[in-house]
Amino acid sequence: MIKKLNNKGMTAIEILITFVIVAIIVVSMYNGISGLKTRETVASYKLSLVTYKNLLTKDIQDDLIKVGLTAVQSESMVELGKPVGYRVILTLRDGSRRILEVRQVFGCSAVDAAEVDDLCTIRGIDPNQSDEFSISYGPEGNLTEYPLPDLGHEEIQAYDGSATTHTIYSLQINEVSINTNDNIFSIRIVLSHPDLASKHSIDIVSPISS
Amino acid sequence: MKKNNKGFVLVETLVVTVFVMAIFSVIYINFYPLAGEYERREFYDDVDSKYGAYWMKRFIQGAAYDFYRSGGPADTISSNKYISFKCSDLTVATEATYCTNLWDRLDIKQVIITDYDMTEFKQKLQDDDSLANSFGSSFTSYLEFLPNFLVPSLNGAQYRVLIEFERNMDSDEDSDSYYTYANMEILRPTSGAVTPPVSPTT
């Protein structure tokens, strides 16, 4: 007995519809997965930033709360005639001093020679200047550096044809504001990152007790 | 015996596809808000809010806040399940002024004090819609998120302070604010030591 084979296939229209459906599913999944990937990256940036902020805030607040703050003095840090950040001298109740240094040097972020004038020269930034952002804290003469987490950076080639490069970081110290009015010390160090808007800052607020 | 060689027709395939997509949609709709909920919790008990709450706790635990006077905070919490704290409630003028200044610098929006065990307060919050409206939906979400704290405090705390902070990162006042929250336990023994004053001039 000859077994009859199933010779029925799919029609061209059925195959076409199937391909269209599969294509729609793949495209929608691709968009979804790529969105999730972006969210995962942003979440990992946030985690690094919050961990950094928590560590630094705890070290400073431990001194201010456990020992007590009696005086604050702040000054600009200047190197080669250029401002490079802020130094805050905190005098504690036991007479010891803690130093908080915020280094904020913006590098030249111009991506080609045409932008150098607008973005760097007019603002007094050397075309080969790298970003330098860091925070240091500790007893006088024994500061601990708290380098900002590297949440992405770009190496920019020198415009003079040499092989040197300079680095521009995605995470920057955007703004530093220090206030000692009404016997209350507050410092806000705003950190900005293109993927995180600017809702991240290190905020220290403490009464100044005499 | 003749085998069944009929496959699925296109309509059947489409029906199944639509059915499966509907199931996935339902799952997505139900699980997506959980991601938002998780993101919102990054504003709960963050490090800045905790340290801010610490300084308000110091005022509340201080002698300038007359906690056990007749009809005072302790009585109000006992009857009303909570009390709103304001710096003007402090009886020492220098502490009140200093508290107001610190309140502004810490970006505090509202402070409430409840019993350490929040069961009765949360029940009241659930029963009384007007209470949730007065606190605002965001603060209410935080209050609902907190546990009841049924296990007594290891430090012997009797009360709890809950604080809402209104932060604005940009100097531009028109930019959007965002809110953070923190809670801390409060020690107010009926007799004995209270926390020293916070202001430098008292």
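Residues numbered from 1 in each chain as written. Chains lettered and ligands numbered in written order. Predicted model: local features only at pLDDT ≥ 70, side-chain atom pairs only at ≥ 80, totals over all residues.

Caption draft 1: The overall build of chain B, seen in detail. Within chain B one finds 7 helices and 4 strands. The linear arrangement of helices and strands in chain B, starting from the amino end, is α-α-α-β-α-β-α-α-α-β-β. Taking the principal axes of its C-alpha atoms as reference, chain B extends roughly 100 × 40 × 30 Å. Looking at chain B residue by residue over its 202 residues, the buried ones come to 28%. Contacts in chain B between residues at least 24 apart in sequence constitute 78% of all its contacts with a sequence separation of at least 6. (Helix = DSSP H or I, 4+ residues; strand = E, 2+ residues; numbered from the N terminus. Buried ≥ 20, exposed ≤ 12 C-beta atoms within 10 Å, placed from the backbone. Contact = placed C-beta atoms within 7 Å.)

Caption draft 2: Representation of the overall build of chain A. From N to C terminus, chain A includes 2 helices and 10 strands. Computed over its C-alpha atoms, the radius of gyration of chain A comes to 28 Å, more than 25% above the 17 Å expected for a compact globule of 210 residues. For chain A, the C-alpha atoms occupy an extent of roughly 105 × 50 × 30 Å along the three principal directions. Counting the 210 residues in chain A, one finds 20% classified as buried. (Rg over C-alpha atoms; globule rule 2.2 N^0.38 Å.)

Caption draft 3: Region of the structure containing the confidence of the model for chain B. When pLDDT is averaged across chain B, the result is 88; 91% of the residues are at 70 or more. Both scores are available for the predicted complex, with the pTM at 0.81 and the ipTM at 0.79. (pLDDT = per-residue confidence, 0-100.)

Caption draft 4: View of the interface of chain B and chain A. Contact residues are listed per partner, giving 18 residues for chain B and 24 residues for chain A. Of all the secondary-structure elements, those providing two or more residues to the side of chain B that touches chain A are α1 (10–40), α2 (47–60) and α4 (93–105) of chain B. Looking at which element gives the most residues to the side of chain B that touches chain A, the answer is α2 of chain B, with 6 residues.

Caption draft 5: How the structure looks around the packing of helix α1 (residues 12–66) of chain A against α2 of chain B. At a closest axis distance of 10 Å, the pairing of α1 of chain A and α2 of chain B adopts a crossing angle of 15°. Taken together, the axes of α1 of chain A and α2 of chain B are roughly parallel relative to one another. Where α1 of chain A crosses over α2 of chain B, the handedness of that crossing is right-handed. Of α2 of chain B, the residues touching α1 of chain A (which contributes K53, N54, T57, K58, Q61 and I65 of chain A) are V47, Y51 and Y54 of chain B. (Axes fitted to C-alpha atoms, helices over the stretch in contact; angles between N-to-C directions. Parallel < 35°, antiparallel > 145°, perpendicular 65-115°, else oblique. Left-handed = near helix turned anticlockwise from the far one by under 90°.)

Caption draft 6: Region of interest: the sheet that holds strand β2 (residues 82–92) of chain A. Residues and elements named next belong to chain A. Strand order in this open sheet of 5 strands is β1-β2-β3-β4-β5, and the pairing throughout is antiparallel. Edge strands, defined here as strands with exactly one partner in the open sheet, are β1 (69–79) and β5 (144–147). Sheet twist, expressed as the average angle between the axes of neighbouring strands with direction ignored, equals 20°. Pairing geometry for strand β3 (residues 97–105) and strand β4 (residues 132–139), over 8 bridges, is antiparallel. Bridging across to β4, R98 finds its partner in P139. (Pairing = 2+ DSSP bridges.)

Caption draft 7: View of the domain arrangement of chain B. Once the domains are mapped, chain B shows domain 1 (9–35) and domain 2 (44–186). On a C-alpha basis, the centres of domain 1 of chain B and domain 2 of chain B stand 45 Å from each other. (Domains from an automatic or database assignment.)

Caption draft 8: Structural view of the pairing of strand β9 (residues 184–192) of chain A. Residue and element names in this part refer to chain A. Taken together, the 7 bridges between strand β8 (residues 172–179) and β9 define a ladder with antiparallel strand orientation. Bridge pairing in β9 links E175 to V190. Between β8 and the antiparallel strand that follows it, β9, lie 4 residues; D182 among them carries a positive phi value of about 55°. Bridge count for β9 against strand β10 (residues 200–207) is 8 bridges, and the pairing is antiparallel.

Caption draft 9: Fine view of the sheet that holds β9 of chain A. Residues and elements named next belong to chain A. Across the sheet, 3 strands lie side by side as β8-β9-β10; this open sheet has antiparallel pairing. Where the open sheet ends on each side, the last strands, each with one partner, are β8 and β10. In this sheet, neighbouring strand axes are inclined to one another by 10° on average, regardless of whether the strands run parallel or antiparallel.

Caption draft 10: Layout of the environment of A182 of chain B. Residue and element names in this part refer to chain B. Topologically, A182 is positioned in strand β4 (residues 178–186). A count of 24 C-beta atoms within 10 Å places A182 in the buried class. Between the C-alpha atom of A182 and that of I163, which follows or precedes it by 19 residues, the distance is 5.4 Å. Leaving out residues up to four positions away in the same chain, A182 has contacts with D45, S49, K50, G52, A53 and I163.

Caption draft 11: Geometry of the nonpolar core. Judged by nonpolar contacts, the single largest core of 63 residues is most densely connected at M56, I60, I113, V161 and I163 of chain B. When near neighbours in sequence (up to four residues on either side) are disregarded, I113 of chain B contacts I60, P73, I77, Y82, I83, F85, Y159, R160, V161 and I186 of chain B. (Core = buried A, V, L, I, M, F, W, Y, C linked by C-beta atoms within 7 Å.)

Caption draft 12: Highlighting α1 of chain B. Over its 31 residues, α1 of chain B extends 45 Å from the first C-alpha to the last, a length consistent with the 45 Å expected when each residue adds 1.5 Å. Little of α1 of chain B sits inside the fold, with 0 of its 31 residues counted as buried. (Expected span 1.5 Å × (residues − 1).)

Caption draft 13: Structural context of unusual backbone geometry. One non-glycine residue, L80 of chain A, lies in positive phi territory at about 50°. You can see L80 of chain A is positioned in the loop between β1 and β2. In this model, D45 of chain B sits at a positive phi of 55°, which is unusual for a non-glycine residue. Within the fold, D45 of chain B resides in the loop between α1 and α2.

Caption draft 14: Up close: the environment of A64 of chain B. As for its placement among the helices and strands, A64 of chain B is situated in the loop between α2 and α3 (73–80). With near-sequence residues (within four places) excluded, A64 of chain B lies in contact with L90, T91, V92, E95 and P197 of chain B.

Caption draft 15: Inspection of the confidence of the model for chain A at higher detail. Confidence along chain A averages 87 in pLDDT terms, with 94% of residues attaining 70 or more. Least confident of the elements in chain A is helix α2 (residues 113–121) of chain A, whose mean pLDDT is 79; most confident is β3 of chain A, at 95.

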